[in-house]
Amino acid sequence: MHALFSKFATSVSHATGKPITFVAAVALVIIWAVSGPLFGFSEVWQLVINTSTTIITFLMIFVLQNSQNRDSEALQAKLDELILTSRQAQNRFIGIERLEERELKKLKEMLERRAAENGDDQGETGALNSALQEVRDRLRAETKPQAAE
């Protein structure tokens, strides 16, 4: 079932991203608008477009999120492979996408600060290592239970 939905989501995602799909959607809206006088601009006429767009939007959220999740996981796997095969890269950076937003923000700030302090390649590599270690140390300190006084 999961594989079937993934194939469906990929197909729908590719189809909805094409210009012809956008043109078709615009054409449907124009047809709906032009048909207004024919239906006397009734509540049912308005309900048709409102209900249709709401249902399509609701379903597309799940389809597109599935495609985005898979693309993100594939990209992360590719980056992890590059880190593992590069002599200069630090294996400790594998999996940092699972850090919380505040943790990533701290890491980014420390890396930017250290990169500014150290201009050479070796300095930047050392800065990355120490920044990552500093983030981990801070997180451990923040998550340790406070000793009873």
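The structure presented is a predicted model; accordingly, all values stated were derived computationally and were not measured. (Residues numbered from 1 in each chain as written. Predicted model: local features only at pLDDT ≥ 70, side-chain atom pairs only at ≥ 80, totals over all residues. Heavy atoms only, no water.)

**Student:** I'd like to hear about the confidence of the model for the protein, residue by residue, with values.
**Tutor:** Low-pLDDT stretches of the model should not have their predicted coordinates read in fine detail. Per-residue confidence for the protein gives a mean pLDDT of 84, with 87% of residues at or over 70. When pLDDT is averaged over each element of the protein, helix 2 (residues 19-34) comes out on top at 96 and helix 5 (residues 121-143) at the bottom at 66. (pLDDT = per-residue confidence, 0-100. Helix = DSSP H or I, 4+ residues; strand = E, 2+ residues; numbered from the N terminus.)

**Student:** Tell me about the nonpolar core, and please be specific about residues and values.
**Tutor:** Counting residues in hydrophobic clusters, the biggest one holds 10 residues: Ile-83, Phe-93, Ile-96, Leu-107, Met-110, Leu-111, Ala-131, Leu-132, Val-135 and Leu-139. Contributing elements (two or more residues each) for this core: helix 4 (101-117) and helix 5. Residue contributions to this core peak at 4 residues, all from helix 5. Beyond its immediate stretch of four places on either side in the chain, Met-110 contacts Ala-131, Glu-134, Val-135 and Arg-138. (Core = buried A, V, L, I, M, F, W, Y, C linked by side-chain atoms within 4.5 Å. Buried < 20%, exposed > 50% of the residue type's maximum accessible area, 1.4 Å probe, protein only. Contact = heavy atoms within 4.5 Å.)

**Student:** Would you mind going over helix 1 (residues 2-16) in detail, with residue names and values included?
**Tutor:** The α-helix advances 3.6 residues per turn, and as a result positions three or four apart in sequence lie on the same side. Compared with the 21 Å implied by 1.5 Å per residue over 15 residues, the 21 Å span of helix 1 between its first and last C-alpha is a close match. Buried residues of helix 1: Ser-6, Ala-9 and Val-12, and no others. One side of helix 1 holds all its buried residues, which, seen down the axis, span an arc of 135°. What points out from helix 1, more than 90 degrees from its buried face, is the exposed set Leu-4, Lys-7 and His-14. For helix 1, the secondary structure elements touched by its buried residues are helix 3 (43-85). (Expected span 1.5 Å × (residues − 1). Arc of directions from axis to C-beta.)

**Student:** Explain the pattern of salt bridges to me, and be specific about the residues and the numbers.
**Tutor:** In total, this model carries 3 salt bridges according to the counting rule given. Its salt-bridge partner being Arg-98, residue Glu-97 comes within 2.9 Å of it at the nearest N-O pair. Its relative accessible area of 34% is what places Glu-97 among the partly exposed residues. Here Glu-112 makes a salt bridge to Lys-108, at a shortest N to O gap of 3.8 Å. Taken together, the residues span about one helical turn, with Glu-112 and Lys-108 both in helix 4 at a distance of 4 residues. (Salt bridge = Lys/Arg side-chain N within 4 Å of Asp/Glu carboxyl O.)

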